[in-house]
Amino acid sequence: MAVAKARITPRKALRVLSRHEVNRLKDVSEGGLHEIFKRCAFAVLNCGSIADDCMAEQDEYNAFDIQVVQLDRGIVLDLFNAPCDAFVDGEVIFGIREHLFAVLRDIIYTHDEIINNPKFLACEDQQQNSEQITNMVFHILRNANMLRYGTTSDLVVCWGGHSISREEYDYTKVVGYQLGLRALDVGTGCGPGAMKGPMKGATIGHAKQHIRTGRYVGITEPGIIAAEAPNPIVNELVILPDIEKRLEAFVRCAHGIIVFPGGAGTAEEILYLLGILLHPKNKNIPFPLVFTGPKSAEAYFNQIDDFIGKCLGNEAKAKYKIIIDDPEAVAIYMRDNMAKVTEFRKENNDAFFYNWMLTIDKEFQAPFAPTHDNMNKLNLSLNQPIHILAANLRRAFSGIVAGNVKQDGILAVREFGPFTLHGDKTIIAPMEGLLSNMVQQNRMKLPGGSKYEPCYRIVN
């Protein structure tokens, strides 16, 4: 079912646009913004869907359209054949309305003020440096009003899969509830599953403490938004231009991170963060990291722990704590370590709202295109610094995510076959074992769906 036509107006953000911006959003050419805006808007309106295959709803997507209309009093959005779940009594749900205008805000700002801005571009004959990329992420977050001056350390980012079991989902809610009782805010990838549960629990915890300023931060990017559409609880949404800037936004804003069970995307996030924390310059920066889940997820985290130990060593294992089936202990650990983060930033005059001191190498910032050639060329050997190995392992899992849920990746695998990964046996064998366990545990697709067909091939 779809709503044939509807018109909505902004309540908070982006009430006016220039004629140039409106024309860019209407432009359906390759250099125009209409397609990316349409794709993100459809995902926001379709947030009630449980599908994780962006190709499954292609017919509905093709019928849908969205147009920006400029009136004398400001702009409005005209929706055509929009998903009916986004409406109540003929009106778009307020939170979804705000998400639509957040999408509009970030797409306009990123393409007009960031991508083509000389201060964020590389100098002639030079590559864009790490500082420029970090500043780019900062400006996007500031424009979205994500950076709150004057507050102390209280934002806990939660990572985990969108394809988790009901027991694991309920566990994420209880952890979120315990965080909310301790006045901690929650940020996630803003999708379903482990990204929705902590927010849902935190709303109850905040309500019991009469906290009316609770933050439920959603950070996403256009390539993955169709599979992880913003859930309705998100009250602060920001869209970064690619997965690498999305990941940097997480770690720059977070004061601590909790990882719930997940699939290849969760492994990618873990490897990204561990690679940063393993950098010699970040050795003494406090950054609480917890892996947690119900008792049934203990074997999963043992597998993750074993994989990290075999590939990255004991130094990497020392960067996180595993807490099984104890939501209260997770929240207490985070609360206590938040105090350490606050004290460290005070002593070093670092901002609470953006972790400037954290060193992030270009290896973790440069966008990785998961083509067959790039996946095949990944250096998965021990003949490199350990934090760079973590970056390459992250890229491998990023490619698998693309092959699983991103349209470009799915189409590439359909045309050319699975991605090929090869490297040292000491790296490849544990990786193959971890991926096989994820497939057996239905962590690559929604449980009960069609049989998973691997988008990768491991070559020993």
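Residues numbered from 1 in each chain as written. Predicted model: local features only at pLDDT ≥ 70, side-chain atom pairs only at ≥ 80, totals over all residues. Heavy atoms only, no water.

1. Remarks on the overall build of the protein chain
Thinking step 1. Broken down by element type, the protein chain carries 16 helices and 14 strands.
Thinking step 2. Projecting the C-alpha coordinates of the protein chain onto the three principal axes gives extents of approximately 60 × 55 × 55 Å.
Thinking step 3. With 460 residues in all, the protein chain has 57% of them scored as buried.
Thinking step 4. Within the protein chain, contacts between residues at least 6 apart in sequence are counted, and of these 76% link residues at least 24 apart. (Helix = DSSP H or I, 4+ residues; strand = E, 2+ residues; numbered from the N terminus. Buried < 20%, exposed > 50% of the residue type's maximum accessible area, 1.4 Å probe, protein only. Contact = heavy atoms within 4.5 Å.)

2. A look at the sheet that holds strand S12 (residues 321-324)
Thinking step 1. Read across the sheet, seven strands follow the order S9-S8-S7-S6-S10-S11-S12 without closing on themselves; strand pairing throughout is parallel. Every interior strand has two partners, whereas the edge strands, strand S9 (236-239) and S12, have only one. On average, adjacent strands in this sheet sit at an angle of 25° to one another, irrespective of strand direction.
Thinking step 2. The sheet strands contacting helix H10 (residues 298-312) are strand S10 (256-259), strand S11 (289-293) and S12, and the helix crosses S11 at an angle near 145°. (Pairing = 2+ DSSP bridges. Axes fitted to C-alpha atoms, helices over the stretch in contact; angles between N-to-C directions.)

3. Overview of the environment of Asn 129
Thinking step 1. If you trace the backbone, Asn 129 turns up in the loop between helix H4 (94-114) and helix H5 (130-143).
Thinking step 2. C-alpha of Asn 129 to C-alpha of Lys 362: the two residues are 233 residues apart in sequence and 7.2 Å apart in space.
Thinking step 3. Within the local environment of Asn 129, its side chain forms a polar contact with the backbone nitrogen of Gln 132, the two atoms lying 2.7 Å apart. (Polar contact = N/O pair within 3.5 Å; in protein donor to acceptor, adjacent residues only side chain to side chain.)

4. Thoughts on the sheet that holds strand S2 (residues 65-71)
Thinking step 1. Strand order in this open sheet of three strands is S1-S3-S2, and the pairing throughout is antiparallel. The sheet terminates laterally at strand S1 (2-8) and S2, the two strands that pair on one side only. Strand-to-strand twist in this sheet, taken as the mean axis angle between neighbours without regard to direction, amounts to 15°.
Thinking step 2. Of the pairings in the sheet, the one linking S2 to strand S3 (residues 74-83) comprises seven bridges and is antiparallel in character. Bridging across to S3, Leu 71 finds its partner in Gly 74.
Thinking step 3. On top of the sheet, helix H2 (residues 34-45) reaches S2 and S3; it is set at about 110° to S2, its chief contact.
Thinking step 4. This element, H4, spans S1, S2 and S3 of the sheet and lies at about 115° to S3.

5. Points about empty space enclosed by the protein
Thinking step 1. Tallied over the entire structure, the rule returns three cavities of 30 Å³ or more.
Thinking step 2. Reported here for the largest cavity is a volume of approximately 290 Å³.
Thinking step 3. His 162, Glu 228, Gly 265, Thr 266 and Val 401 are, among the 22 residues lining the largest cavity, the residues nearest its centre.
Thinking step 4. Of all elements in the fold, only helix H8 (243-253), helix H9 (264-277) and helix H14 (386-405) reach the threshold of two or more residues within the lining of the largest cavity.
Thinking step 5. No other element matches the five residues that H9 contributes to the lining of the largest cavity.
Thinking step 6. Across the lining of the largest cavity, the residue classes break down as seven nonpolar, nine polar and six charged. (1 Å grid on protein atoms, 1.4 Å probe; cavity = no way out; pocket = protein on both sides within 12 Å on 5 of 7 lines; lining within 4 Å. Points joined across faces, edges and corners; volume = space filled by probe spheres on them. Nonpolar A, V, L, I, M, F, W, Y, C, P; charged D, E, K, R; others polar.)

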